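Architecture and fold: a report
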Amino acid sequence: MKVHRIHLRNYKGVEDLEVELALDGVTIIEGPNEVGKTTIAEALSLVLEQPDSSSRSVVRDARPVHNDAGPWVEVELSTGPYRLVVEKRWLRSPMTHLRVLEPRAEEVTGRQGHERLRAILAETLDEQLFRALHHYQGVELQQAALGSSPSLAAALDAAATGQAVAGQKEASLLELVREEWLRYFTPGGKPIAERTAASKQVQALEQEVLAARAQLEELEGLAERHRDLAARLGQLREELERCDEALAEERARSELLQDRRLALLEAEKAHATASTEKEDARRRVQERAALREEVTSTERAAEEAERETEKDRPALGAAREAVRAASERQGRARSALVEAAQQEKQARGVEEYRRRLISRDLWSERLANARAGRAGLEEARRVLAANLMDEERLAAIEEASLAITEAGAHLAASTGSLLVEALADVVVTGGAGARTLRPGESFEQAVEGELVLEVGELARLTVRGGAPERSLREALGEAERRFADLLREAGLPEDSTVVQCRLAAQQRREAIASEQRAEKLVKDSLRDLSLERLEAEVADDEAFIASFEEEHGASPDVPETLEAARSLREQAEARRAAAEEEADAAEAELAEARARHDALYKAGADRAAALGVARALQERASDTLRLARELEADEALDSALERCSVALVGAARRLAEAQAALAALDPGSVEARLENLEARARRLTAERGELETEIATVRTTLSVRGEEGLQDRLDALESRLEREARALERTERAAAAANLLWRRLVANREAAQRAYVAPFRAAVERLGRIVYGPSFSVEVDHSTLAVASRTLQGRTVAFDQLSTGAREQLCVMARLACAGIVAGRDGGGAPVIIDDALGWTDRGRLDRIGAAFRAASRNCQVVVLTCDPSRYDGIGDAVVRHLRPSAPA
Amino acid sequence: MVRFIHSADWQIGMSRHFLSPEAQSRYSEARLEAIRRIAELAARESCDFAVVAGDVFESNQLDRQVVARALDALAAFEVPVFLLPGNHDPLLSAGSLWDSQSFLARCPANVVVLRDDRPLAVPGCPAEVVGALWRTKRPVEDLVARALSALEPARTVRVLVGHGSIDEQSPDPGNPALINLRSAEQAIADGRVHYVALGDRHSVTEVGSTGRIWYSGTPLVTDYDEVEPNRALLVSLSPEGCAVERLDVGDWAFRRQRFELSGLDDVEEVGRWLEELPDKRRCVVKASFVGTVSLAARLRLDKVLDEHRDLLAALEVSDRRTDLAVLPSDEEIGDLGLGGFVAATLEELKDLAGAQDEGAATAQDALALLFRLAGGGS
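This is a predicted model, so every value here is computed, not measured. Throughout, residues of each chain are indexed from 1 in the direction in which the sequence is written. As they are written, the chains are lettered A onward and the ligands numbered 1 onward, keeping that order. For this predicted model, a pLDDT threshold of at least 70 governs which residues receive local features, and a threshold of 80 or more governs which side-chain atom pairs are given and counted, while totals over whole chains, interfaces and linings are taken from all residues.

**Observations concerning the overall build of chain B**
Secondary structure summary: chain B contains 10 helices and 16 strands in total. The burial label depends on the number of other C-beta atoms within 10 Å of a residue's C-beta. Counts of 20 or more mean buried, 12 or fewer mean exposed, and intermediate counts mean partly exposed, with C-beta atoms placed from the backbone. Looking at the 378 residues of chain B, the share that counts as buried comes to 47%. Restricting to contacts in chain B with at least 6 residues of sequence separation, those with at least 24 account for 74%. To qualify as a helix, a DSSP run of H or I must reach at least 4 residues; to qualify as a strand, a run of E must reach at least 2; elements of each kind are numbered from the N terminus. Contacts here follow a simple rule: the backbone-placed C-beta atoms of the two residues must lie within 7 Å.

**Comments concerning the overall build of chain A**
Of regular secondary structure, chain A possesses 17 helices and 20 strands. Within the span of chain A, comprising 889 residues, buried residues form 27% of the whole. Of all intrachain contacts in chain A linking residues separated by at least 6 positions in sequence, the fraction that spans at least 24 positions is 74%.

**With respect to helix α17 (residues 843–856) of chain A**
Each full turn of the α-helix corresponds to 3.6 residues, which orients residues three or four apart in the same direction. Residue and element names in this part refer to chain A. Multiplying 1.5 Å by the residue count of a helix minus one yields the expected span of that helix. The terminal C-alpha atoms of α17, which comprises 14 residues, lie 20 Å apart, in line with the 20 Å expected from a rise of 1.5 Å per residue. Buried residues of α17: Ile849, Gly850, Ala852, Phe853 and Ala856, and no others. Viewed end-on, α17 has its buried residues packed into an arc of 165°, placing them on one side of the element. Relative to its buried face, α17 has exposed residues pointing more than 90 degrees away, namely Gly844 and Asp847. The arc in question is the one traced by the directions running from the helix axis out to the C-beta atoms.

**Overview of the packing of helix α7 (residues 193–386) of chain A against helix α10 (residues 498–526) of chain A**
All names here are of chain A. Angular values range over 0 to 180 degrees, each being the angle between N-to-C directions of two axes fitted as lines to C-alpha atoms, with helices fitted over their stretch in contact. Contact geometry for α7 and α10: axes closest at 7 Å, N-to-C directions at 155°. By the angle class used here, α7 and α10 are roughly antiparallel. Like other packed secondary-structure pairs, α7 and α10 cross with a definite hand, here left-handed. Classes in brief: Ala, Val, Leu, Ile, Met, Phe, Trp, Tyr, Cys and Pro nonpolar; Asp, Glu, Lys and Arg charged; the others, Gly included, polar. Split into classes, the residues belonging to the contact of α7 with α10 amount to 12 nonpolar, six polar and eight charged. Angles are sorted into four bins: roughly parallel if under 35 degrees, roughly antiparallel if over 145, roughly perpendicular if 65 to 115, and oblique for all others. In this scheme the handedness of a crossing depends on how the near helix is turned from the far one: anticlockwise by less than a right angle means left-handed, clockwise means right-handed.

**Here's the deal with the interface of chain B and chain A**
Facing 42 residues of chain B, the contacting portion of chain A comprises 46 residues. Listed by contribution, the elements that provide at least two residues to the side of chain B that touches chain A are α2 (64–74), α3 (101–106), α9 (340–354) and α10 (359–373) of chain B. Among the elements that make up the side of chain B that touches chain A, the one with the highest residue count is α9(B) (eight residues). Each residue belonging to the side of chain B that touches chain A can be placed in one class, and the counts come to 19 nonpolar, 17 polar and six charged.

**Digging into the sheet that holds strand β16 (residues 787–792) of chain A**
Residues and elements named next belong to chain A. DSSP bridges decide pairing: two strands pair if at least two such bridges lie between them. Ordered in space as β15-β16-β17, the three strands form an open sheet in which the pairing is antiparallel. Unpaired on one side and paired on the other, β15 (777–780) and β17 (795–798) mark the two borders of the sheet. Across the sheet, the axes of successive neighbouring strands diverge by a mean angle of 20°, strand direction being ignored. Here β15 pairs with β16 via four bridges, running antiparallel. Bridged to Glu779 within β16 is Ser789.

**What to know about the sheet that holds strand β13 (residues 450–455) of chain A**
Residues and elements named next belong to chain A. On the basis of which strands lie adjacent, the open sheet formed by four strands has the order β11-β10-β13-β14 and antiparallel pairing. Where the open sheet ends on each side, the last strands, each with one partner, are β11 (435–437) and β14 (459–464). Averaged over all pairs of adjacent strands, the angle between strand axes in this sheet comes to 25°, irrespective of strand direction. Inspection of the sheet shows β13 paired to β14 by six bridges, in the antiparallel sense. Considered in β14, the bridge of Glu450 is made with Arg464.

**Side note on the confidence of the model for chain A**
Every residue gets a pLDDT, meaning the predictor's confidence in that residue, from 0 to 100. This prediction gives chain A a mean pLDDT of 84; 93% of its residues lie at or above 70. The low-confidence segment residues 160–165 of chain A (pLDDT under 50) makes 13 contacts with residues lying over four places distant or belonging to another chain.

**Observations regarding the environment of Ala652(A)**
Inspection of the secondary structure assignment puts Ala652(A) in helix α13 (residues 634–664). Residue class for Ala652(A) comes out partly exposed when judged on the 15 C-beta atoms lying within 10 Å of it.

**Things to note about the packing of α9(B) against α10(B)**
Residues and elements named next belong to chain B. Between α9 and α10, whose axes approach to 7 Å, the crossing angle comes to 145°. The handedness of the crossing between α9 and α10 is left-handed. Contacts from Leu346, Leu349, Lys350, Leu352 and Ala353 of α9 reach α10 at Gly359, Ala360, Ala363, Gln364, Ala366, Leu367 and Leu370. Looking at the contact of α9 with α10 residue by residue, the class counts come to nine nonpolar, two polar and one charged.

**Thoughts on unusual backbone geometry**
Cis geometry marks the peptide bond from Glu102(A) to Pro103(A), where omega comes out at -10°. Tracing the chain through its elements places Pro103(A) in the loop between β6 (95–102) and β7 (106–109). The backbone phi angle of Gln11(B) is positive, close to 50°, even though this residue is not glycine. Position of Gln11(B) relative to the elements: it lies in the loop between β1 (2–7) and α1 (21–44). C-beta crowding within 10 Å serves as the criterion here: with 21 such atoms nearby, Gln11(B) is assigned to the buried category.

**A few points about the pairing of strand β19 (residues 861–866) of chain A**
Residue and element names in this part refer to chain A. The buried fraction of β19 amounts to six of the six residues, a majority that puts the element mostly inside the structure. Both faces of β19 are covered, namely the face carrying Gln861, Val863 and Leu865 and the face carrying Val862, Val864 and Thr866. Inspection of the sheet shows strand β3 (residues 25–30) paired to β19 by six bridges, in the parallel sense. From the neighbouring strand, Thr27 faces β19, where its bridge partner is Val863. Strand direction decides the pairing type here: strand β18 (residues 832–835) and β19, joined by four bridges, are parallel. Its bridge partner being in β19, Asp835 is matched across the sheet by Leu865.

**Brief notes about the nonpolar core**
Put simply, a nonpolar core is buried Ala, Val, Leu, Ile, Met, Phe, Trp, Tyr and Cys residues tied into one set by C-beta atoms within 7 Å. Core analysis: the largest hydrophobic core is formed by 97 residues, its most contacted members being Ala50(B), Val51(B), Val52(B), Leu160(B), Val161(B) and Val193(B). When residues of this core are assigned to their parent elements, the largest contribution, six residues, is made by α1(B). When we break this core down by domain, the ones giving at least three residues each are domain 1 (2–248) and domain 2 (253–373) of chain B. Val59(A), Ala763(A), Tyr872(A) and Ala878(A) belong to the second largest nonpolar core, which has 77 residues in total. Annotation comment: domain bounds sourced from an automatic or database domain assignment.

**Here's the deal with the pairing of β14(A)**
Within β14(A), only zero of the six residues are buried, leaving the element largely exposed. Counted along the chain from β13(A) to the antiparallel partner β14(A), the turn is three residues long, and its residue Gly456(A) has a positive phi close to 40°.

**Things to note about the environment of Ala656(A)**
All names here are of chain A. Mapped onto the fold, Ala656 is located in helix α13. Judged by the 12 C-beta atoms lying within 10 Å of it, Ala656 is exposed. Through-space distance from the C-alpha of Ala656 to that of Glu268 is 9.2 Å; in sequence the pair is 388 residues apart.

**With respect to α1(B)**
All names here are of chain B. In a regular helix each residue adds 1.5 Å, so 24 residues correspond to 34 Å; α1 covers 34 Å between its end C-alpha atoms and thus fits that length. Among the residues making up α1, those that are buried are Gln24, Tyr27, Ser28, Arg31, Ala34, Ile35, Arg37, Ile38, Ala39 and Ala42. Once α1 finishes, Ser46 follows within two positions and takes phi at roughly 55°, a positive value.

**Notes on the environment of Leu741(A)**
Relative to the elements of secondary structure, Leu741(A) occurs in helix α15 (residues 710–772). For the pair formed by Leu741(A) and Val177(A), sequence separation is 564 residues and the distance between their alpha carbons is 7.5 Å. Setting aside residues no more than four positions away along its own chain, Leu741(A) makes contact with Val177(A), Ala366(B), Leu369(B) and Leu370(B).

Right under this line is the structure:
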């Protein structure tokens, strides 16, 4: 289709506008915004699609803004073999006026005009392509829906295969097939709900049929079961009857058995009694025989005992004699021994006496020495205790005496002294006390100070001496004190002289020697014994001697020496030992003789006792036998035994008969059979009860369910299943056919599309290389014919990832390429209308795009609506129409 | 000389799945009508009694309404009717229809169920009837032989009523329940019975050479293979002679027909055959088609069948789809004027439809669909 011109009146903001378009190549309609550029494209669609009677929103939107007239459009166009002018007004005074100029002039108005127009368009115009080739301002840039265009498809098909075209007819058919397919499938390709439901319904019915059939079979099975049960019950009753009969029989047998058992018990008892009686009789016969035997044997025993007793008598007399002889010998030996012992004792006493005499003398000597020593010792020690003048002290006294002498000399030298010489006996008193002086005696006394002496009652002399030097006096005093002390220490009288002291010392030395001698004597005498012991020894010996002598006289007749006494004693000892031996031998002999005698005696006593017993036994046995015979004679016993034996044989026979009779009945099996039969009767009865119950149950079930019409129900269900299954099968068959057809059609269309996408892609790339250079290429989706990606300088970018400008350029080029392909075939196709595009494209690129526009539009119609004509300056020979703000024509 | 009706296999309560509910209802009614017709004929022919040799009922488990209606039909008889339990309706020890309340409560006085093997005297007539009845669905002996073995020679005319296959005709020789023909003929020769009335076979059939052993067939056709259904037998019997006459009682037809198709003419012939069928509302047809036809012929056939489906009691078409191949002719394809991918698809489907596999039928259907949608044949 090509548009020659379009004329608008009272259309939106346009009062009157008419534009003529170039049939081939680019027409640029340029004008500022709001002058109606977009309106021109809209009006073209409106006049072709909407009848004048339409009051749709697209029509109402076309109302003029400046008056209330109806919008009016007139278009002149060529499509297929037709050239026509169509004129429409809507809303107010609606009108349609179609004038077909070629190939045959015709003129139609009103509704018919619109319908004729639609018919012509349907015949010649690919309306999908017509719409796809519009590129509207303000609409989101997107790729044209070229994939659904039959014209393009047909063109591409032809380009690709050169064969028969798939045009409008095929597309319509495809749509019909799709509609048919959608009767059975969802758009997603799944069976529609009705089919699924029908299938489920059939399955459910199948299940119901199965269930109904099962019910029926169950019922039939139940009937069979009833028959079997009834048969079994009949059998059971017969069995039970037979069982009862057998049971009665077996019970009778059992009773007989019991009788025979009793008979057997009795036979057993009789047999036992007979057996006991026979045993008893036999025992008594045996006892009698034993009695007789006992009498005989006791007689024999008594005789034997008598013989034995007689036999031992002489031996016992000899033994008694032997004892007497031995006893005499022993008496003699014992007397001899007593005598020998007496003599030995005497000899021993004499020997002791001799020895004690010697001992007493020895002990007495030692005792005397010891006593003498001890007296000497006591004397010496007494002296020593009184005389302490040992050599040391003597030396000290000697020294002190010398000191006094010296000091006296010194003093005397220095002091006066008074010499008193007695001419008669006189007592001198004073000074150093009273002193009696015998004539010729004198004493001198130093005089110090004053010395008063009274001479008897004759005179008192007072002598006053000079005063000696004090130190001298003191020295003398000291020496005298020293001397006095030493004397006191030595135990000597204070007036002792040195000579006396010397004498005392001599005496002391001698005492010490005496002591030593006495000590030695004592020691030698005592040796290891004490004095008392010595005294005791002596006393002991003295006592023995005194005792002996008292017994034997003061001068006994005893051997003179100890040696002799000892010899005598030893002889006595030997004699006593011999006597002892003799006594022992005699004793032994006596003991032996006694033992022999005792043994013989005891044996004799035993035999006598045995003989007594034997005689007693013999008597008792005889008595017993006699008594027994008095009670029952031996012959009676024998005949009783005979009777009992015969009776036992009879009893044993009857017992055997009873046993045989019982065994003949086979009691074990009778009982087993009886028990078994009873158990069987119980079991059968129980089973019969169960069967009767079950039969009643089954019968009830059958009679209730048998009239429910299960067969009718099954038949109805089966009929329904049959119908629905057939319907389903028909549907499925149709669905399978529709599916096969649709799938094959789609597959083949896709295959065709894949084949013909090549020329489309080549056309887009030819235009693209003008704009972007030789490295430009694109991938095209074969089903939608949309550009999937662009490759430039070897770099591939998906369409959606491209910049807005690049996407817009590709959209425009795809439309141009499509228009070129379609127009190339038969002059059909549709105009490309580009409304205010390429606003994002930079100036440098615009020139190249212009070249592409020109190349693409060589044999097709391109209309560009723009407010910026400079964008399309690059299109070399475009026809430019300037729109001005509208003014009434 | 006694006269009686010999019928069998009434199959009351039988359903045929291929019948629509409406047709099924009419078919069931026709069965009861046949019984009434027999009663009417019995009266018209002055019969002394009637025997029904087994399968009076289709099943022991029937709805009480069905039983009630059957008994209502039986009430039309003016003579005694002896009913024999058969393999479909055996006299079980429990759960039999015969013992059900719905049967016992409504059973007309002249209807006698043969419940054991003993001869029953027919009231008002010098004749006896002996039933070899079924007590289980699976007997393990020849029931007829068993009933015969217990009989003494008859003093009056005696009819034995039995049910089952005769051993000489059975395809299942191992079946222990088969009726031994020789023993039956021997009983007739011995004078123990004078006529053996059999049921089970739905076609009228004379058995053996005595002329006294017959299957009466069913009074209303039940299947396509039945040779002579829709009959009852009128028997005139004495020890000396026996005459058997066929009586028409049923008025339904089951037709199985095979058509060979090669073109539109043959399809039209199918239409004519169907058109000429008498009494279509009581006619059941099972048609099968063999051959190869064009898409147009196939569409025409479907149309013809659809036209008659509504008229007939039932029209079954054999499911064996491979028997009839549908292939578009080149002319048909050319007429469609289809190009591009559609033409390619058409060629593909043609190839598929011509193949000898399971997909061929679907491909043929797809071709037919394409043909229809593309406006072919119009």
